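# Structural overview
In case you want the letters, here they are:
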Amino acid sequence: MTLQQVVEAHGVRLRPFRAADTADVVAACADPLTQRFIPGMPAPYTETDARWWIDAGAPAVWTGGGAVYAVADPATDRLLGGVGLSNPVPARGQAEVGYWVRPAARGRGVAAAATRALSEHAFDTGTVRLELLTDPENGPSQRVALAAGFHHEGVRRSAGARRDGVRHDLLAWVRLTDDPPGPAARLLPDLPGGVLTDQVVALRRLAPDDAELMYRLHSRPEVVANQAPPVPPERSAIERRCRLAESGWLTGDIARLLITDVASGEPAGSCGLSYTDVSSGEGSIGYALLPDWRGRGYATRAVRLLAGWAFGPAGIARLTAGTVPENTASHRVLERVGFHREALQRARLPGLAGVRLDDLTFALLPADLR
């Protein structure tokens, strides 16, 4: 792998770092977001650290078989960020991509453009496989990976470490030299305009700030009773679920949504959609409402909105919903949307103390949606 010192593509210039970049390197690397997601970054990050990086750190990466570039604006040559290759495995034709962007340049597609430019140049010079590792809570970085054509490949268990020494998983994204150009396709696309609404209820992606509400909803006895197994959730598990909602959506694992009342903006409940069988185009939904919003048709509206999005932008061909046989209120919701009772699967689900629970399954096809 013999990389050029200057690469210009996709609206960015990749070049060596220079002394004139010092102030911008400090602004980027002292930023709390950079500090949070790039392990080993000095804290606090000072001008001395930036000068060391420009004079010694970056050149050492090249000497060690990697590569590191300043990402600059082609019109002004001002530093926008940094991008590089590390952990090369020549026998596999493999390397790992990393990047950062100074705060003032974020939200402009700089990281994705730089990653695309470097990836294509690496492929042109002999690399065949590039990896990109992201923190599961770093949604923006995962969006960069997708925009740059990287596909979610799996989880590297305990591959990362936070400043307090606690180990955590990393998500692995991969691009191969013969992958098609352009952004990677997603199983679960974004909602149009970030929301689904019928002007009475609205659905939006679950967020970290929804943790208290979600804990209050999903720890209610009647909600717990309709789960399998019927065990109240830990608050920490709900908080983590909300922090990882963006990641679950981007990796195609699950779309978690909050149901809100349009008139007041108040939260009414939650719902979710996940693929149960990608190859056959089958997905599954679930939902729950807070007591004050029950009996108003809100669950029916939410399920109808979610099903319409599933059959449309998400490209799902068939939806299922599993319920305990005694949950007649949920059965009525599903039937009003157009679901048909399809099967009673005896002892399919885990209960308490070794008891098994029956699962009454409903199914919906696009033509059934009312």
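Residues numbered from 1 in each chain as written. Predicted model: local features only at pLDDT ≥ 70, side-chain atom pairs only at ≥ 80, totals over all residues. Heavy atoms only, no water.

## What about the packing of aromatic side chains?
Here is the rule we go by: Pairs were defined over the aromatic rings of Phe, Tyr and Trp, the Trp ring being its six-membered one, requiring ring centres within 6.5 Å. Orientation was assigned from the angle between planes: stacked under 30 degrees, edge-to-face over 60, tilted for the rest. Runs of E in the DSSP output that reach at least two residues are strands. Runs of H or I that reach at least four are helices, and both are numbered from the N terminus. When accessible area is computed with a 1.4 Å probe and restricted to protein chains, residues below 20% of their type maximum are described as buried, those above 50% as exposed, and intermediate ones as partly exposed.
Taken as a whole, this structure holds five aromatic pairs when the rule is applied. Judged by centre distance (6.2 Å) and plane angle (25°), the rings of F17 and W100 are stacked. Taken together, the residues span a long stretch of sequence, with F17 in the loop between β2 (12-15) and α1 (22-29) and W100 in strand β5 (residues 94-101) at a distance of 83 residues. For W100, a relative accessible area of 13% corresponds to the buried category. Ring geometry for W62 versus Y69: centroids 5.4 Å apart, planes at 80°, classification edge-to-face.

## Some words on the sheet that holds β5
Spelled out, the test is: Between any two strands, at least two bridges found by DSSP are needed for them to pair. Between N-to-C directions, angles cover 0 to 180 degrees, with each direction set by a line fitted to C-alpha atoms, over the stretch in contact for helices. Residue contacts are defined here by distance: any two heavy atoms, one from each residue, within 4.5 Å place the two residues in contact.
Pairing in this open sheet of eight strands is mixed, and the strands run β1-β2-β3-β4-β5-β6-β8-β7 from one edge to the other. Strands with a single pairing partner mark the edges of an open sheet, and in this sheet they are β1 (7-9) and β7 (151-161). Averaged over neighbouring strand pairs, the angle between their axes works out to 30° when direction is ignored. Both β2 and strand β3 (residues 67-72) contribute to a ladder of three bridges, which runs antiparallel. Following the sheet pairing, L14 is matched in β3 by V71. Each of β3 and β4 (79-89) touches helix α3 (residues 47-63); the most contacted strand, β3, lies at about 130° to it.

## A word on the environment of V110
Mapped onto the fold, V110 is located in helix α4 (residues 110-124). Residue V110 is classed as buried on the basis of its relative accessible area of 7%. Each C-alpha atom, one on V110 and one on V144, is 9.1 Å from the other, the two residues being 34 residues apart in sequence. Contact partners of V110, with chain neighbours within four places excluded, come to V71, L80, V101 and A105.

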